[in-house]
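Coordinates in review
These are the residues of each chain, in order.
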Amino acid sequence: AQKITQTQPGMFVQEKEAVTLDCTYDTSDQSYGLFWYKQPSSGEMIFLIYQGSYDEQNATEGRYSLNFQKARKSANLVISASQLGDSAMYFCAMREGLHGNKLVFGAGTILRVKS
Amino acid sequence: NAGVTQTPKFQVLKTGQSMTLQCAQDMNHNSMYWYRQDPGMGLRLIYYSASEGTTDKGEVPNGYNVSRLNKREFSLRLESAAPSQTSVYFCASKGLLSSGNTIYFGEGSWLTVV
């Protein structure tokens, strides 16, 4: 069964607007971690944000926030005030166990920011 | 701040040739990983090493071998390359108490097998 599902292969957003990238996950563990990574055209994987399963508040890092809905098993990434430099591939990932060793990735969402 | 360094960045191999991808991290991390990235598949774990001296298979280990040479270095070897191994390979590392339990990636190695 797919552990991480990103249903949006591609998204467009107007510059300065907010955009939500969807991610749902499947696990029977009580302890897990959720991650978002950005991959620009240059190819490197850039860590954006992390949410632990026991964290009660949604994680935020600058313009990035993670909308964590545990009962729905969703961990959507919200990017506020989009910039042209946000155009990239975005991956949602999950690690089962707070200190587990395996990070499982979704297929990714390509985001294009329009000027 | 080098972080995770992997070499080579680009390589073209003929079917049946062997090669080793090198990875080194300077963050004193215990765990290291090798992933491959294929279009529409996200990243898939090939092998990982939870600590120096240990290695374990991930989702897609067939056709690969690994060596955790020391705490810093984790290499990935293709003994007899096949076109199906054409991919982008990422090395990554994670510290025991990394901030936010973050896994850090190298810049990727583009491998083409013809």
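One structure accompanies this document, and this report is about it. (Residues numbered from 1 in each chain as written. Chains lettered and ligands numbered in written order. Predicted model: local features only at pLDDT ≥ 70, side-chain atom pairs only at ≥ 80, totals over all residues. Heavy atoms only, no water.)

Right, let's get into the interface of chain B and chain A. With 23 residues of chain B at the interface, the matching set in chain A holds 20 residues. Both sides together, the interface formed by chain B and chain A hides about 1700 Å², and carbon and sulfur atoms give 57% of it. Where chain B meets chain A, there are 0 salt bridges. Remark: the boundary between chain B and chain A carries 3 residue pairs in polar contact (both at pLDDT 80 or more). Those elements that provide at least two residues to the side of chain B that touches chain A are strand 4 (31–38), strand 5 (42–49), strand 9 (87–94) and strand 10 (103–105) of chain B. Of the residues assigned to the side of chain B that touches chain A, the class counts are 12 nonpolar, 8 polar and 3 charged. (Contact = heavy atoms within 4.5 Å. Buried area = accessible area lost by both parts, 1.4 Å probe. Salt bridge = Lys/Arg side-chain N within 4 Å of Asp/Glu carboxyl O. Polar contact = N/O pair within 3.5 Å; in protein donor to acceptor, adjacent residues only side chain to side chain. Helix = DSSP H or I, 4+ residues; strand = E, 2+ residues; numbered from the N terminus. Nonpolar A, V, L, I, M, F, W, Y, C, P; charged D, E, K, R; others polar.)

Bringing the pairing of strand 1 (residues 4–7) of chain B into the picture now. Residue and element names in this part refer to chain B. Burial along strand 1 is one-sided: the residues Val 4 and Gln 6 are buried and none of Thr 5 and Thr 7 is. Pairing between strand 1 and strand 3 (residues 19–25): 4 bridges, direction antiparallel. Bridge pairing in strand 3 links Val 4 to Gln 25. (Buried < 20%, exposed > 50% of the residue type's maximum accessible area, 1.4 Å probe, protein only. Pairing = 2+ DSSP bridges.)

Below, the discussion takes up the environment of Ser87(B). Residue and element names in this part refer to chain B. Structurally, the position occupied by Ser 87 is in strand 9. Judged by its relative accessible area of 7%, Ser 87 is buried. Excluding anything up to four places from it in sequence, Ser 87 contacts Arg 36, Gln 37, Asp 38, Ser 109, Trp 110 and Leu 111.

So, about the sheet that holds strand 7 (residues 64–68) of chain B. Hydrogen bonds between backbone groups are what pair the strands of a sheet, and the pairing can be parallel or antiparallel. Residue and element names in this part refer to chain B. What the 4 strands build is an open sheet, ordered 1-3-8-7; its pairing is antiparallel. Only two strands of the sheet have a single partner each, and these edge strands are strand 1 and strand 7. Within the sheet, the average angular offset between the axes of one strand and its neighbour, ignoring direction, is 15 degrees. As paired elements, strand 7 and strand 8 (residues 74–78) share 5 bridges and run antiparallel to each other. Across the sheet, Asn 65 pairs through a bridge with Arg 77, a residue of strand 8. (Axes fitted to C-alpha atoms, helices over the stretch in contact; angles between N-to-C directions.)

Turning our attention to the packing of aromatic side chains. The tally for this structure, following the rule as stated, stands at 16 aromatic pairs over all chains. On the basis of an interplanar angle of 85 degrees and a centroid distance of 5.5 Å, the ring pair of Phe105(A) and Tyr35(B) is categorised as edge-to-face. Residue Phe105(A) is located in strand 11 (residues 103–105), and its partner Tyr35(B) is located in strand 4; the two belong to separate chains. Assessed through its relative accessible area of 0%, Tyr35(B) is described here as buried. With centroids separated by 5.8 Å and ring planes inclined at 50 degrees, the aromatic side chains of Tyr35(B) and Phe105(B) adopt a geometry described as tilted. With Tyr35(B) in strand 4 and Phe105(B) in strand 10, this pair connects stretches of sequence that are 70 residues apart. A relative accessible area of 10% means that Phe105(B) is categorised as buried. Taking NZ or CZ as reference, Arg63(A) lies 5.7 Å from the ring centre of Tyr64(A), over its face. (Phe/Tyr/Trp six-rings, centres within 6.5 Å; stacked < 30°, edge-to-face > 60°. Lys NZ or Arg CZ within 6 Å of the ring centre and 35° of its normal.)

Residue and element names in this part refer to chain A. Mapped onto the elements, Asn 76 comes out in strand 9 (residues 74–79). The exposure class assigned to Asn 76 is buried, which follows from its relative accessible area of 13%. In terms of polar contacts, Asn 76 uses its side chain to reach the backbone amide nitrogen of Cys 23, at 2.9 Å. Setting aside anything within four residues of it in sequence, one finds Asn 76 in contact with Thr 20, Leu 21, Asp 22, Cys 23, Trp 36, Ser 65, Leu 66 and Asn 67.

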